[in-house]
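Notes for the structure review
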Amino acid sequence: MSEHGSTSRRFGRRALSAVAVLSIAATGAAWSGCGDDDNSDEVQQAVDQANSTAEQISEEAQQQANEAQQEAQEAVDQANEDADQATEDADQAAQDAQDQADSYGK
């Protein structure tokens, strides 16, 4: 786990932020619905900005998820290598012990 929390927590916070931004934009659009064309342009700009922010957050969250998955796979690979080495070491120690026991028996 990183110093900033788990990937799912970060993703959750970012998703909630995106929802908040979209909610604010939608509320602004509803409040200004009775205005003139200038207000409509401002509303459209706010909605576009909210969509852009939500898309950026989604892309960042996907990138973080991909990085976390890659790190996890690397950790699994390293653990497998370590386990294989430990098995080889144990087999060699067992063989050495058997050889030593056989040499005492002669």
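The present account deals with the structure reproduced in this document. Starting afresh in each chain, residues are numbered from 1 along the sequence in its written order. At least 70 in pLDDT is required for a residue's local features to be given in this predicted model, at least 80 for side-chain atom pairs to be given and counted, and no such filter applies to totals for whole chains, interfaces and linings, which use all residues. Neither water nor hydrogens contribute to the side-chain values; these are computed over all heavy atoms in the structure.

Remarks on the overall build of the chain
Numbering of helices and strands runs from the N terminus, with a helix taken as a DSSP run of H or I at least four residues long and a strand as a DSSP run of E at least two residues long. Regarding its fold elements, the chain presents two helices and zero strands. For accessible areas, the Shrake-Rupley method is used with a probe of radius 1.4 Å. Any residue's cover is judged against the shown protein chains and nothing else. Taken as a whole, the chain presents about 8300 Å² of accessible surface, with 50% of it coming from carbon and sulfur.

Considering a negative patch on the surface
A contiguous patch of negative charge, built from Glu67, Glu71, Glu74, Asp77, Glu81, Asp82, Asp84, Glu88, Asp89 and Asp91, is present on the exposed surface. Secondary-structure assignment places Asp91 in helix 2 (residues 37-104). Every patch collects residues that have over 30% relative accessible area and no salt bridge, joining them within 9 Å if they carry like charges and within 5 Å if they are nonpolar side chains (Val, Leu, Ile, Met, Phe, Trp, Tyr). Here, a salt bridge means any Lys or Arg side-chain nitrogen found within 4 Å of an Asp or Glu carboxyl oxygen. Positive charges come from Lys and Arg, negative ones from Asp and Glu, while His and the chain ends are left out of the count. A single reference atom marks each charge: NZ on Lys, CZ on Arg, CG on Asp, CD on Glu.

Some thoughts on the environment of Ala54
Following the sequence through the fold, Ala54 ends up in helix 2. Apart from the residues within four sequence positions on either side, Ala54 is in contact with Ala18 and Leu22. The contact criterion used is simple: two residues touch if any of their non-hydrogen atoms lie within 4.5 Å.

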